[in-house]
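Below, each chain spelled out in residue letters.
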Amino acid sequence: MALTASRYGKDRVRVLRLTRSGDHHVPRELTLSVILTGRFEDAWTQGDNRACIATDSVKNIVNVTAVKNPSLNAEAFVAAVAQVLLATYPQVEAVAIEAEETRWLRHVIAGIPHGHTFTRDGNGFGFVGLHADRSGSILSSGLRGYTFMKTTQSGWTGFVADGYRTLPDATDRIAATSMDATWTWSSAPADHEVANARILSTLLTVFGTSYSRGVQDSMYRMGEAALEAVPEVAEIAFVMPNKHYVPIDLSPFGLDNPGTVFLPTDEPSGRIEATIGRTG
């Protein structure tokens, strides 16, 4: 039988490149599919892998290209990856790359674009919940899947050190989450839309402008500030899973990674929950 078509490669290669100019950071996050066509037929018909490039090597080429080209736009970056593959492997005849971009929008605080706080483009959706019976009703508003991050001013240190811990202390890391937040009204504000916008702005301002010792630390202070900003809110509940950005070890290739290239991953993720309410 004839082998009429064949190709292979690496799918869902996720990488975030971060450029820093003082406090002004620029994140560039892509998820790539890199597919090779070439003289690999013997791997299918003869079980002979001598011409085959490991798909793990394809992933490594993406990461090495990322650390060497942190500032390229998406179009130029995929071209650079393809050029490395074509220049390195004569058996590769064609490279097909598709890249989905996670677009991060610079958040504005007090009318000024913030240096290292971002929200995701096309972000989340609003939420309203109502429980009503003959004695009355309880109305809640909020957000689901609202994703934001800051690229510095976050740490996680001093947690339990035992025989199961492998995670080192970190004093400067990327902090990101996809937040579900629900605030319950004790009385109706003059304008729900205005009040909801004020709550979101308050949450992001606290998150972006203060050092975070952990999601728990930020969550509590964000909730406190929201309750202070909108007195009609009785309590606010959060579910904030971690979206991890793990620095990629490029030392096997003789390269340093000075906080430039990260592996975005959200599975498995930490899940942090809390409700902050008024006392008295």
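Structural data are supplied above this passage.
As the structure is a prediction and not an experimental result, all values here were calculated from the model.

**Notes on the overall build of the protein**
Tallying secondary structure elements over the protein gives 5 helices and 12 strands in all. At 23 Å, the protein has a C-alpha radius of gyration far larger than the 19 Å of a compact globule built from 280 residues. Based on the C-alpha atoms only, the size of the protein along its principal axes is roughly 75 × 45 × 45 Å. Expressed as a percentage of the 280 residues in the protein, the buried residues total 42%. Within the protein, contacts between residues separated by at least 24 positions form 66% of all contacts whose residues are at least 6 apart in sequence. Roughly 15,100 Å² of accessible area belongs to the protein as shown, and the carbon and sulfur atoms make up 51% of that amount.

**Some details on helix α4 (residues 192-209)**
Helix length check: α4 (18 residues) gives 26 Å between terminal C-alpha atoms against 26 Å at 1.5 Å per residue, within 8%. Every buried residue of α4 is listed here: Ala195, Ile199, Leu200, Thr202, Leu203, Leu204, Val206, Phe207 and Gly208. Where the residues of α4 are buried, they touch β4 (104-109), β5 (112-120), β7 (136-150), β8 (175-185), α5 (215-229) and β9 (233-241). The opening residue of α4, the one whose side-chain oxygen lies 2.9 Å from the backbone nitrogen of Glu193, is Asp191.

**Things to note about the pattern of salt bridges**
Within the structure shown, the criterion is met by 10 salt bridges. The salt bridge partner of Asp266 is Arg14, with a shortest N-O separation of 3.7 Å. Here the residue Asp266 occupies a position in the loop between β11 (261-265) and β12 (271-277), and Arg14 occupies one in strand β1 (residues 8-21), the gap between them amounting to 252 residues. We classify Asp266 as partly exposed; its relative accessible area is 29%. As a salt-bridge pair, Arg221 and Asp217 come within 3.1 Å of each other at their nearest N and O atoms. Placement of the pair is Arg221 and Asp217 together in helix α5, with a separation of 4 residues, close to one helical turn. Classification of Asp217 as partly exposed rests on a relative accessible area of 22%. Linked by salt bridges that have partners in common, Arg14, Glu29, Lys243 and Asp266 make up one network.

**Examining the packing of helix α2 (residues 55-68) against helix α3 (residues 74-88)**
Close contact between α2 and α3 brings their axes to 10 Å; oriented N to C, the two are set at 125 degrees. Taken as axis vectors, α2 and α3 run oblique relative to one another. Every pair of crossing elements has a handedness; the one defined by α2 and α3 is right-handed. Residue-level contacts link Ile61, Val62, Thr65 and Ala66 of α2 to Phe77, Ala80, Val81, Val84 and Leu85 of α3. Broken down by class, the residue content of the contact of α2 with α3 amounts to 8 nonpolar, 1 polar and no charged.

**Regarding the side chain of Ser218**
For Ser218, the location among the structural elements is in helix α5. Residues in contact with Ser218, not counting those within four places in the same chain, are Phe207 and Ser212.

**Some thoughts on α3**
Between the first and last C-alpha of α3 there are 21 Å, a value that for 15 residues agrees with the 21 Å anticipated at 1.5 Å per step. Taken together, the buried residues of α3 touch β1, β2 (24-38), α2 and β3 (92-102). Where α3 begins, the side chain of Asn73 points an oxygen toward the backbone nitrogen of Glu75, at a separation of 3.3 Å.

**Let's talk about the layout of surface pockets**
Space inside the largest pocket adds up to approximately 560 Å³. Around the largest pocket sit 28 residues that line it, and Ala170, Arg173, Ile174, Tyr245 and Pro247 are the ones nearest its centre. For the lining of the largest pocket, the elements supplying multiple residues, two or more each, are β8, α5 and β10 (244-247). It is β10 that provides the largest number of residues to the lining of the largest pocket, a total of 4 residues. Tallied by class, the residues present in the lining of the largest pocket amount to 14 nonpolar, 9 polar and 5 charged. Of the volumes computed, that of the second largest pocket is approximately 150 Å³. Grouping the constituent residues of the lining of the second largest pocket by class yields 5 nonpolar, 4 polar and 1 charged.

Thresholds applied
Residues numbered from 1 in each chain as written. Predicted model: local features only at pLDDT ≥ 70, side-chain atom pairs only at ≥ 80, totals over all residues. Heavy atoms only, no water. Helix = DSSP H or I, 4+ residues; strand = E, 2+ residues; numbered from the N terminus. Rg over C-alpha atoms; globule rule 2.2 N^0.38 Å. Buried < 20%, exposed > 50% of the residue type's maximum accessible area, 1.4 Å probe, protein only. Contact = heavy atoms within 4.5 Å. Areas by Shrake-Rupley, 256 points an atom, 1.4 Å probe, with all protein chains shown as cover. Expected span 1.5 Å × (residues − 1). Polar contact = N/O pair within 3.5 Å; in protein donor to acceptor, adjacent residues only side chain to side chain. Salt bridge = Lys/Arg side-chain N within 4 Å of Asp/Glu carboxyl O. Axes fitted to C-alpha atoms, helices over the stretch in contact; angles between N-to-C directions. Parallel < 35°, antiparallel > 145°, perpendicular 65-115°, else oblique. Left-handed = near helix turned anticlockwise from the far one by under 90°. Nonpolar A, V, L, I, M, F, W, Y, C, P; charged D, E, K, R; others polar. 1 Å grid on protein atoms, 1.4 Å probe; cavity = no way out; pocket = protein on both sides within 12 Å on 5 of 7 lines; lining within 4 Å. Points joined across faces, edges and corners; volume = space filled by probe spheres on them.

On their own, these measurements won't tell you what the molecule is for.
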